[in-house]
Amino acid sequence: MALGSEVNDDNNSKHTSQKVKKCAINSNVNDKCGSENINKADKVEKQSVKMTKETGGKSVSCSNGHASTPNGRADDEGGGPAPRVSYAAAARKALTPPTTANTHPGYYNCTNKANSENPLPAKSGNPPAKVNGEKNTPVANDSKTNKLSTKEQIMNGNECVDVVNGDQKKESLCDISSSNNNHTKIVSNGVNSDSDDTKSSKSDDANDVNSNSAKTKGDAKPVGNKKKENKKNNAMDKTKDTKKKTANIDKPENNKEKEEEKEVEKVNGDCKETNGEKERESSPSEDDDDKKRDAEVVFVQDMGFTVKIVSPRAEPLDIQVSSMELVQEIHQVLMDREDTCHRTCFSLQLDGVTLDNFAELKNIEGLKEGSVIKVVEEPYTMREARIHVRHVRDLLKSIDYVDAYAGQECSSLAFLNIITQGDILEKKKSRPESVDCTPPDYIMPGSTERPLLPLHPGLTKENKAPQCLKVLTTSGWNPPPGPRKMCGDLLYLHVVTLEDRHFHITACPRGFYLNQSTEEVFNPRPFNPSLLCHSLIELLGVVSPAFKRNFALVQKRRMQKHPFERVATPYQVYQWASPVLEHTVDAIRAEDTFSSKLGYEEHIPGQTRDWNEELQTTRELPRSTLPERLLRERAIFKVHSDFVAAATRGAMAVVDGNVMAINPGEEPKMQMFIWNNIFFSLGFDVRDHYKDLGGDAAAFVAPRNDLQGVRVYSAVDTVGLHTLGTVVVDYRGLRVTAQSIIPGILEKEQEQSVVYGSIDFGATVLSHPKYMELLSKAGQQLKIMPHSVISAGGETVELCSSVECKGIVGNDGRHYILDLLRTFPPDVNFLQLEDDELREDIKSMGFPIIHKHKLCCLRQELVDSFVEARYFMFIRYAAFHLQQLSAKRQNKTPDQKSIEANKESDKIDVVKEAKENKEEKTQEKAKDKKQKKEDKKQEKEKVQSDKKDAKESVVEETKDAKDKEEDILLNENYSEIDTDVAKKIVESITDSICSGGDKQENDSGERSRAVVAAAARAVASLKESEFDVRFNPDVYSAGIKHAATPEQLAKQRHLVKEAAAFLLTTQIPAFVRECLEHSSAPMDGAGLSEALHARGINVRYLGRVVQALRPHTQLAYLHAIALADLILRAAKHIYTPYLQGCDAMCTGAAVAHFLNCLLGACPSPAVGGAELGVERVRPRRRRKNADPPPPQAQSNWQNLTPKSLFSQIRQELKAYWGFELNAESMESVIEKYGLQKISLLRSFAIKVGLQVMLREYDFDNKNKTTFTASDITNIFPVVKHINPRASDAYNFYTTGQNKIQSGAVSEGHELIAEALNLLNNVYGAMHGEIAQCLRMVARLCYVTGEHRDAMAYQQKAVLMSERVNGIDHPYTITEYSHLALYCFANGQVSTALKLLYRARYLALIVCGENHPEMALLDSNIALILHAVGEYELSLRFAERALAVTGATHGARSLKAAAARHLLARTLSCLGDFRAALTHEKETYSIYKQLLGENHEKTCESSECLRHLTQQAVVLQKRLADAAARGGPRPPLHIQPPALPAVIDMLNLINGILFVQISPQDIEQFKAEIEKRQLKDLPIPGVLEAKGETEADS
């Protein structure tokens, strides 16, 4: 989910976005990558004010299950030597010493609020920030607008335009970002860092240790030199084991620290007032003030120093630490370093005193610069011994991919460093002539081969992790018998070494030793000679030389991995293809699976986690200041991701039959389960609950609708209103809903618990004043109308939600809402309306389509768009007439008055007519309305760019965008009116009407009222005197008696019908237009769904979308993607019950058979006998007269054939989507629309959670089946859940973008850098939004000339996208292509080509050759091949790029002109001047037609034509001379293009334009923008000159 995706909440919208200090990330990092944050001091010079930190009481750290253990999960006792506490506990015990080992440094410690706060004064020389909060980041949303934006992917599909130095550049909104270059003040959270490599010195080793290490003496460097100092500080510097460090910032110089400390004491205690001012200043009413737009920067005071660590049998080590870290963090660092990683059970001592693990370093007496801390080995306990063994096992398997393929431990794949054959930041620039440029054959244009094996490169034997041991397992002699317990035995292990020697090992408090037991005989006495080692790794190194050798290799390779390859992802990513994996003995894996323990949670005091308490407590954390909000959002995100992991694990256990039902006597479909304090139910209609709504179909879809409701209510975040933790898991054909448990709900019947809503679909309805208060607050943002219904007893009950929504007050006193499946208005286009009809134009489109169930709802995004459109209709209408009135008052002459009066009456007639037409619902009116919507659309696109120019008022900006969103019913006169002026007129009038104050003479006041009332009627407002468009979600629910009058009910129903019509008549055409303009170009079905959802279009309209795309030949590629997605979705609907009906013993065979019927070419795929699983053993002899064995009943799944499957798919398409597929078979569809079977296999596997064998599949063999049972390697869960957001990061990001677009690049850069900083605070090291953010920073660095930094950031973006999105996700393809550009700019030509070849291969697998993204990749490849003199190869890619560009953008587009120019250059280098001239002439003619004769591009092309003509003449002359002499043809001497020229061309085709603007120009622009802020006028000057070129290029 993207930034800002959830509902903008009023509280958040009022908070100032401030610059906040960065927190480090734990990440299992190697010493080489470690010195990330050492030079923060340099950055700090740019920072204005330090963040206020509330100090005092001991910090409570909250548990971190992801990146805190050696393998990235806080698994089953693997979380380090001390117990963890949950967030809920942490929040409750905010003033007690912490009890958690895995503290998150990302959290601001919850501290004693009574203690004074220590703000640091602003540094002199940094004018922008003010301590008293005078300047302030604007908030992206203004509570006045009540705009609700719950789009899951706000950032991920919508494009936004960036103006860099005044130039517009398209960049997807998802690129929130941050940067570490000279302009910025990024403070690392593990992702910051620059790029070069200084690994050698000892001080670096020290810096590794502490990702947020504080500054050592003499470290301060000038800002300009920081790049050189900070090289290869690329990631997080803490172990995965490491707890996140508490935020800290280094000071530029140590002496300054002391001065600041003194200053602090003077300013002590002022911070709260500061915060108060900030909050007041960011209130919506003041948002218009430009002065408050700069981000406030506040930093936590922190001190850094160096300490020496002395370990037994290891070299002393200097590390940098921060005064705010906990001792525990030094533990975690030591557990990840190569030389100390084998220790887990040790304490740290200073001057003989053992340090408390949870003490902050600043509170330790005697700890100072240069102190020596000793590592002292501690005696083991049973628990410590188990933790040690698990840590050893994790180290041994730390570099293999087994967990990533198995979908465990939040592990996933990343292949970047295999593709580039090492870290790109360590490579030297390559000379063009030394480059190997030949692409593999399957990447060449026109190749039909789509091999699967290259998808996972590097799976060779050389890359396999070296084996250290054959077996390491707990022994069968466990647990030690009583007499041995008396001798201290804790645990027995069994080891088989590579030399094939068997050892039995005893763990005792002093360490590990060999005993004399064998598999058959128990003899616990020590082996001779007796060896006792404190670490198991030391013991194994002594008894097995092969172990010692290979373990060193493993360690070396582990440390060479980029930290981003090792840290855990927040949610599990599953791979759809997997190689054959060797299955090895792993007792710890076995123990995790079969133990009765609950895995991650079993070592927490109090055993299982109370998920509900944790989820609710984190939401109740304070949120008034930025540090509080960061702590709160981080806690919410952390608990949520842990909950998703636990719920997924539980749902799989339920389906696998590994959990006992709480109602075991019922039939399996009706059973419910509780596991790990989570309630699980199956997606079937239990007790006919959904009988009238569609039975099982409704029960299947209800959890998904409920999850959408949970998403929006969580996003509104109303204080006091609680939702349940909800996760929906589809696994092996079943849908499982996992929910947290309301305290006390299991102790009584539901009837007794519910105090609000209805448990019988509206027959009996209850209400509750507290719920009405809470829900009406949320309903204002969700556009839900309070309404009354009549209960069974005849009493009228008021509700502010659907009747199904239930309110339960838990035993904890909290107000919970559940069953939110009808939060949004019903979608009447898919409902059979009994006493009502749709508009004629909607009926003519074939609606209503009768759906399988009656739970179809509109999306929140659609509701928002519709309300915005209506609001602007209202404003334009009213303002036009109010202007007429004021004109009449000013013009006193009777003639003018009569003219105006006539005009006025004309207008009122128009309105009346419109109203009558509406009521009659005539076909004519529909056409009229459609036409006006078309007019509105063109306007809308213009406004979106205008909106980006006039950024200064959040309110006005939002309204401006909405303004152009829709202009229904309004003729041209209305749309000419200025929106903001209109808004002010209308608001002043409506205010006076509502307040009853009549400031004008009676008659004009009455007229104003009449005008506003007419406008309200025109937009079907529910109130007569003002704009009020909200929805009653129960308006079409059966079995409910409404208390509203028939007229009111008719109005409410009319609005719901209008919203559903708006989707068809406005949103779908707008989506198609967006695609035609190439602002949206999804590469696969998932991307298409995302783009549709962003516009509020449900996937059930996909058939309609396919029909809308069909007429546009330019969108043939998208039509094919949409059609393929439609077919696969229909196939999924058939596959779900198919899988439910097959025997567990032949699941693999059944799935393979389904795939053969769907994608194979074999007309009747046979199900081989061997595939059906294990034959039953029969006795050899039978009595002569015995009955013959009964024939085995053939399973239903075996009866499926390709023909019957395709016929079912066609029926499903017709029934569900109303889509006619005219084809005889799947093969004919694939051929007709140019679909690829490998792409279909990928999409289907991802949709249903399949993992297939990584091998080459023969899809065209008609005699042999494509898939066998052994090709189905696994079935994974498909998990849906909400995505908590980082609200402050979103605000920083949008403000940064505004700054960049108004020309203030460095300010915008800093704000966007801070957005990354905040994202790291909330999400930790790994998250999809951070990846998109890094991409934006890289782009900013590149534009400002920091090419090496751009490469460093983009490298992280690629790695993170591979890890979080998937190795073949469309975002990953984009990241690869960006990295290739930056590598080329850094002189790494062969690396750039490898990256582009990888991107092209992935794009081929995902969407084939005809996508516009492919044309861009081909142009890039052609240019770089051209630059290195590979003209023949370059020509093939350039020709393909031109063919695709011509098809998708049009033969006469600017993109086609650029492609032709590239082709002409390549042809000229090959000596084919005739063809080159033909293409260049075409280029010239396009530029001349589109840009005019005097445009720079036209002149350039004209010059090129002249040059080509000259060359052609010279060549002809030479050839003629040679022919006359009878000699051989003269060789063609071609001068390869200069590198800068190639980079310029690459920038052009990738949409990066540099516009050189002087500071004076920027000032003029700013002045111009301010002047035109209230007008929809273009900005003159450079933007006009360049805008057109840029928009297409």
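Residues numbered from 1 in each chain as written. Predicted model: local features only at pLDDT ≥ 70, side-chain atom pairs only at ≥ 80, totals over all residues. Heavy atoms only, no water.

**Q** I tried to follow the pattern of salt bridges on my own but got confused; where do I start?
**A** Two side chains that carry opposite charge are able to pair once their charged atoms sit near each other. Overall, the coordinates contain 58 salt bridges when judged by the stated rule. We note a salt bridge from R566 to D336, for which the minimum N-O separation is 3.4 Å. Here R566, found in helix α16 (residues 563–566), pairs with D336, found in the loop between α9 (327–334) and β7 (346–350); they are 230 residues apart in sequence, far enough to count as distant. The burial state of R566 is the same as that of D336; both residues are buried. Between E1058 and R870 there is a salt bridge, with its nearest N and O atoms 2.9 Å apart. Placement of the pair is E1058 in helix α31 (residues 1046–1076) and R870 in helix α24 (residues 860–890), with a sequence separation of 188 residues. Taken individually, E1058 and R870 each receive the classification buried, so the pair is uniform in this respect. Sharing partners across several salt bridges, the network here consists of R313, R343, E377 and E538. (Salt bridge = Lys/Arg side-chain N within 4 Å of Asp/Glu carboxyl O. Helix = DSSP H or I, 4+ residues; strand = E, 2+ residues; numbered from the N terminus. Buried < 20%, exposed > 50% of the residue type's maximum accessible area, 1.4 Å probe, protein only.)

**Q** Sorry, what's going on with the nonpolar core here?
**A** Side chains that are nonpolar tend, in soluble globular proteins, to be buried together. Grouped together as the largest cluster of nonpolar side chains are 263 residues, with contacts concentrated most on L1158, F1244 and L1250. Apart from residues no more than four positions distant in its own chain, F1244 is found in contact with L1128, A1131, K1132, Y1135, F1154, L1155, L1158 and L1250. The next biggest cluster of nonpolar side chains, apart from the first, holds 30 residues, and it includes Y380, A385, V392 and C533. (Core = buried A, V, L, I, M, F, W, Y, C linked by side-chain atoms within 4.5 Å. Contact = heavy atoms within 4.5 Å.)

**Q** What am I meant to see in the sheet that holds strand β11 (residues 491–497) here?
**A** Paired through backbone hydrogen bonds, the strands of a sheet run either parallel or antiparallel to each other. With antiparallel pairing, five strands are arranged side by side in an open sheet as β10-β11-β12-β13-β14. Edge positions in the open sheet fall to β10 (469–474) and β14 (532–533), since each of these has one partner strand only. Looking at chain direction, β11 and strand β12 (residues 502–508) are connected through six bridges and run antiparallel. Bridge pairing links H494 to H504 in β12. Sheet strands touched by helix α10 (residues 382–396): β10, β11, β12 and β13 (511–515). Its angle to β11, the strand with the most contacts, is close to 20 degrees. (Pairing = 2+ DSSP bridges. Axes fitted to C-alpha atoms, helices over the stretch in contact; angles between N-to-C directions.)

**Q** Would you mind showing me how to read the side chain of N1156 here?
**A** Relative to the helices and strands, N1156 is located in helix α35 (residues 1147–1159). With sequence-adjacent residues up to four places away left out, N1156 is seen in contact with P1165, T1265, T1266 and F1267.

**Q** Help me understand unusual backbone geometry, please; the structure alone is not making it clear to me.
**A** The phi angle of most residues is negative, glycine excepted, and most peptide bonds adopt the trans form. Following N478, the chain continues into P479 via a peptide bond in cis, with omega recorded as -10 degrees. Within the fold, P479 resides in the loop between β10 and α13 (482–486). Following F847, the chain continues to P848 via a peptide bond in cis, the omega torsion being 0 degrees. Note on placement: P848 falls in the loop between α23 (840–844) and α24. Despite not being glycine, D500 shows a phi value in the positive range, around 70 degrees. For D500, a relative accessible area of 47% gives the class partly exposed. Although it is not a glycine, A1020 adopts a positive phi angle of roughly 60 degrees. Following the sequence through the fold, A1020 ends up in the loop between α30 (1002–1018) and β26 (1041–1042).

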